[in-house]
Amino acid sequence: MTLCFATNNAHKLAEVRPLLGERFNLETLAEIGCTEELPETGDTLDANALQKARYVWEHFGIACFADDTGLEVTVLGGAPGVYSARYAGPARDSGANIQKLLAELAPHPNRAAQFRTVIAFIDANGQTWQFSGTVTGHITEAPRGTGGFGYDSVFQPDGFTETFAELPLAVKNQIGHRGKAVADFVQFLTQRC
């Protein structure tokens, strides 16, 4: 089965490819000829994921899936949430986003947080499904590690002493939000095929 993953994020592609395995042929936006920026104007992760998948399906007519992921910090009322990538501004600067987050959390002892991923899938017939995954943890006092991307260097999942940026990708995929959402998605695809 050929699927398009509606993202331009090379880090997400690197995480998702091994999770899909050999059974699925994963095509990128570039491979299907989609060079435009996908719309992300929803006010929820669910809405953004569906909006991106629907854009690809409507313009290219291929089965596709898209994800949207947010870091939700308890004492910040769930922020940055749907605005995680643009938390410090439209430039999508991970370093600036982390600096802003750590500054806002400085006076708070409660640093509980969760990552949440929503995947929207549209099959070749236009039917739509959604899958989600969550991992809980807390925000560290300072960045640690060189792996991963986004907020990975400041997110320490529950039950671990390392941040996502310090853990091997295989471990992150097994316990992480995107890995859980993709696992449910793959199980669904496997049962249908």
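What comes next concerns the included structure. (Residues numbered from 1 in each chain as written. Predicted model: local features only at pLDDT ≥ 70, side-chain atom pairs only at ≥ 80, totals over all residues. Heavy atoms only, no water.)

## Observations concerning the overall build of the protein chain
Alright, step 1. A count of helices and strands for the protein chain gives six helices and seven strands.
Alright, step 2. For 193 residues, the compact-globule formula gives about 16 Å, and the C-alpha radius of gyration of the protein chain, at 17 Å, lands near that figure.
Alright, step 3. Considering only C-alpha atoms, the protein chain reaches an extent of 50 × 30 × 25 Å along its principal axes.
Alright, step 4. Within the protein chain, the fraction of its 193 residues that count as buried is 46%.
Alright, step 5. Considering only residue pairs separated by 6 or more positions, the protein chain has 56% of its internal contacts joining residues 24 or more positions apart.
Alright, step 6. On the protein chain, roughly 9000 Å² of surface is accessible, and the fraction owed to carbon and sulfur atoms is 51%.
Alright, step 7. Of note, the protein chain has its 15 positive side-chain charges centred 1 Å away from the centre of its 22 negative side-chain charges. (Helix = DSSP H or I, 4+ residues; strand = E, 2+ residues; numbered from the N terminus. Rg over C-alpha atoms; globule rule 2.2 N^0.38 Å. Buried < 20%, exposed > 50% of the residue type's maximum accessible area, 1.4 Å probe, protein only. Contact = heavy atoms within 4.5 Å. Areas by Shrake-Rupley, 256 points an atom, 1.4 Å probe, with all protein chains shown as cover. Lys, Arg positive; Asp, Glu negative; His and termini not counted. Charge placed at Lys NZ, Arg CZ, Asp CG, Glu CD.)

## With respect to the state of the cysteines
Alright, step 1. For the structure shown, the criterion picks out zero disulfides.
Alright, step 2. Take Cys 4: it sits in no disulfide, and the sulfur closest to it among the cysteines is that of Cys 64, at 6.0 Å.
Alright, step 3. Assessed through its relative accessible area of 0%, Cys 64 is described here as buried. (Disulfide = S-S within 2.5 Å.)

## Focus: the environment of Tyr 83
Alright, step 1. Residue placement: Tyr 83 occurs in the loop between β4 (80–81) and α4 (94–105).
Alright, step 2. Placed 14 residues apart in sequence, Tyr 83 and Thr 69 show a C-alpha to C-alpha distance of 9.3 Å.

## Comments concerning unusual backbone geometry
Alright, step 1. With omega at 0°, the peptide bond leading from Ala 79 into Pro 80 counts as cis.
Alright, step 2. Assignment of secondary structure puts Pro 80 in strand β4.
Alright, step 3. Located in the positive-phi region is Arg 92, a residue other than glycine, with phi close to 55°.
Alright, step 4. Examined against the element boundaries, Arg 92 turns out to sit in the loop between β4 and α4.
Alright, step 5. Looking at Arg 92, the relative accessible area reads 39%, which means it is partly exposed.

## Re the environment of Thr 41
Alright, step 1. Note that Thr 41 resides in the loop between α2 (29–32) and α3 (45–60).
Alright, step 2. Relative accessible area serves as the criterion here: at 65%, Thr 41 is assigned to the exposed category.
Alright, step 3. Note: C-alpha distance between Thr 41 and Tyr 55 (14 residues apart in sequence) is 12 Å.
Alright, step 4. In contact with Thr 41, other than residues within four places in its own chain, are Asn 48 and Gln 51.

## Description of the side chain of Gln 156
Alright, step 1. As for its position among the elements, Gln 156 is in strand β7 (residues 155–157).
Alright, step 2. At 3.1 Å, the side chain of Gln 156 forms a polar contact with the side chain of Arg 144.
Alright, step 3. Separated by 2.8 Å, the side chain of Gln 156 and the backbone oxygen of Phe 160 make a polar contact.
Alright, step 4. Discounting residues that sit within four places of it in the chain, Gln 156 has contacts with Gly 137, His 138, Thr 140, Arg 144, Thr 161, Glu 162 and Thr 163. (Polar contact = N/O pair within 3.5 Å; in protein donor to acceptor, adjacent residues only side chain to side chain.)

## A word on the pairing of strand β1 (residues 2–5)
Alright, step 1. Where β1 and strand β2 (residues 25–27) come together, three bridges link them in parallel fashion. The residue bridging Leu 3 from the neighbouring strand is Leu 26, located in β2.
Alright, step 2. A crossover connection joins β1 to the parallel β2 through helix α1 (residues 10–20); in handedness this β-α-β unit is right-handed.
Alright, step 3. For β1 and strand β3 (residues 64–73), the ladder comprises two bridges, and the chain directions are parallel. (Pairing = 2+ DSSP bridges. Right-handed = clockwise from strand over helix to strand, strands pointing away.)

## Observations concerning the packing of aromatic side chains
Alright, step 1. Across all of its chains, the model carries 11 aromatic pairs by this definition.
Alright, step 2. Measuring from ring centre to ring centre gives 6.0 Å for Phe 121 and Trp 129, while their planes differ by 25°; the resulting arrangement is stacked.
Alright, step 3. A ring pair is formed by Trp 129 and Phe 188, whose centres lie 4.9 Å apart and whose planes are at 50°; its orientation type is tilted. Placement of the pair is Trp 129 in strand β6 (residues 128–139) and Phe 188 in helix α6 (residues 177–192), with a sequence separation of 59 residues. (Phe/Tyr/Trp six-rings, centres within 6.5 Å; stacked < 30°, edge-to-face > 60°.)

Don't take any of this as a statement about function, it's just geometry.
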